[in-house]
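Chains, contacts and geometry: an overview
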Amino acid sequence: MKHIIHNKKGNKYSKLGQFDLAIKCYDAALSIKPEYVKAHYNLGYSYHMIGQLDLAVRSYKKVVKIDPSYAFKHSNKILSVIYFFIEGQVLDAIDTLTLLIQDNPADAMLYNMLGGCYTSSNQIEMAIQSYKRALAGKISHSAKNIFGFKKNKNFIYIDDFSLIKSKIAILD
């Protein structure tokens, strides 16, 4: 029951735009009940709002891992993209991301995820274009938090902003 109280308190902070305090509450909820899907989702959302995109994706992945059906019940379609990717349905992930980008053309995380999907399907030129869009677009988040260079089932996040920028420059 305490985990629910911490989660609700986090939601109140989140609605006020106090995401750092919300994150502390969600962490407290998860320390009590590590598999609490709502707290993982809320944690991911809070990280997304403050530009900690690598941590946001990690939290969203935990949601999908704990309860895959949550990806389709929830209005946040990033969860669906992660589900499709984990299940090896990369083309469905690309299609979903393409639709999401139409509605959210300034969201760097979407372009980053699209680049990862293209990379995993060996569409390197498309991946580069997606990463360029992530870097060139109006990014309201700290650029260094956009990417997190880890390889997981060929899904690549780039951790060092200058590294990806220099690699794209070399490929141009």
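In this numbering scheme, every chain counts its residues from 1 along its sequence in written order. Given that this is a predicted model, residues contribute local features only at a pLDDT of at least 70 and side-chain atom pairs are listed and counted only at 80 or more, while totals for whole chains, interfaces and linings are drawn from all residues. By convention in this description, side-chain values take in all heavy atoms of the structure and omit both hydrogens and water.

Things to note about the overall build of the protein chain
Scanning the protein chain from terminus to terminus reveals 10 helices and two strands. Starting at the N terminus, helices and strands are each numbered in turn, a helix being any DSSP run of H or I of at least four residues and a strand any DSSP run of E of at least two. For the protein chain, the succession of helices and strands along the chain, N to C, is α-α-α-α-α-α-α-α-α-β-β-α. We call two residues contacting when some pair of their heavy atoms lies within 4.5 Å. Considering only residue pairs separated by 6 or more positions, the protein chain has 46% of its internal contacts joining residues 24 or more positions apart. Only the protein chains shown count as cover for residues, and the accessible areas themselves come from Shrake-Rupley with a 1.4 Å probe. Accessible area for the protein chain stands at about 9300 Å²; split by element, carbon and sulfur atoms hold 56% of it.

Some thoughts on unusual backbone geometry
Although it is not a glycine, Asn122 sits at a positive phi angle of roughly 60°. Relative to the assigned elements, Asn122 resides in the loop between helix H8 (108–120) and helix H9 (124–136). Accessibility here uses a 1.4 Å probe with only protein chains present; expressed as a share of the type maximum, an area under 20% marks a residue as buried, one over 50% as exposed, and anything in between as partly exposed. We classify Asn122 as exposed; its relative accessible area is 64%.

Comments concerning helix H7 (residues 90–103)
Any helix carries an expected span of 1.5 Å times its number of residues minus one. The terminal C-alpha atoms of H7 lie 20 Å apart, and with 14 residues this matches the ideal 20 Å at 1.5 Å per residue to within 8%. Buried within H7 we find Val90, Ala93, Ile94, Thr96, Leu97, Leu100 and Ile101. Seen end-on, H7 carries its buried residues on one side only, within an arc spanning 165°. Facing away from the buried side of H7 by over 90 degrees, the exposed positions are Leu91, Leu99, Gln102 and Asp103. Looking at the buried side of H7, the elements it contacts are helix H6 (78–86) and H8. Read the arc as the range of directions from the helix axis to the C-beta atoms.

Things to note about the nonpolar core
The set of buried Ala, Val, Leu, Ile, Met, Phe, Trp, Tyr and Cys residues whose side-chain atoms join them within 4.5 Å is what this entry labels a nonpolar core. Counting residues in each nonpolar core, the largest one holds 43 residues, and the members touching the most others are Tyr60, Ile78, Leu79, Met109 and Met113. It is H8 that provides the largest number of residues to this core, a total of eight residues. Setting aside its immediate chain neighbours within four residues, Ile78 contacts His48, Tyr60, Leu100, Met109, Leu110 and Met113.

Considering a positive patch on the surface
Candidates for patches are residues over 30% relative accessible area with no salt bridge; among them, like charges are joined within 9 Å and nonpolar side chains (Val, Leu, Ile, Met, Phe, Trp, Tyr) within 5 Å. Should a side-chain nitrogen of Lys or Arg be within 4 Å of a carboxyl oxygen of Asp or Glu, the pair is scored as a salt bridge. When charges are tallied, Lys and Arg are placed among the positive residues and Asp and Glu among the negative ones, while His and the ends of the chain are skipped. A single reference atom marks each charge: NZ on Lys, CZ on Arg, CG on Asp, CD on Glu. On the surface, Lys8, Lys12, Lys15 and Lys38 cluster together into a patch of positive charge. It is helix H1 (residues 2–15) that contributes the most residues to the positive patch, three residues altogether. Secondary-structure assignment places Lys15 in helix H1.

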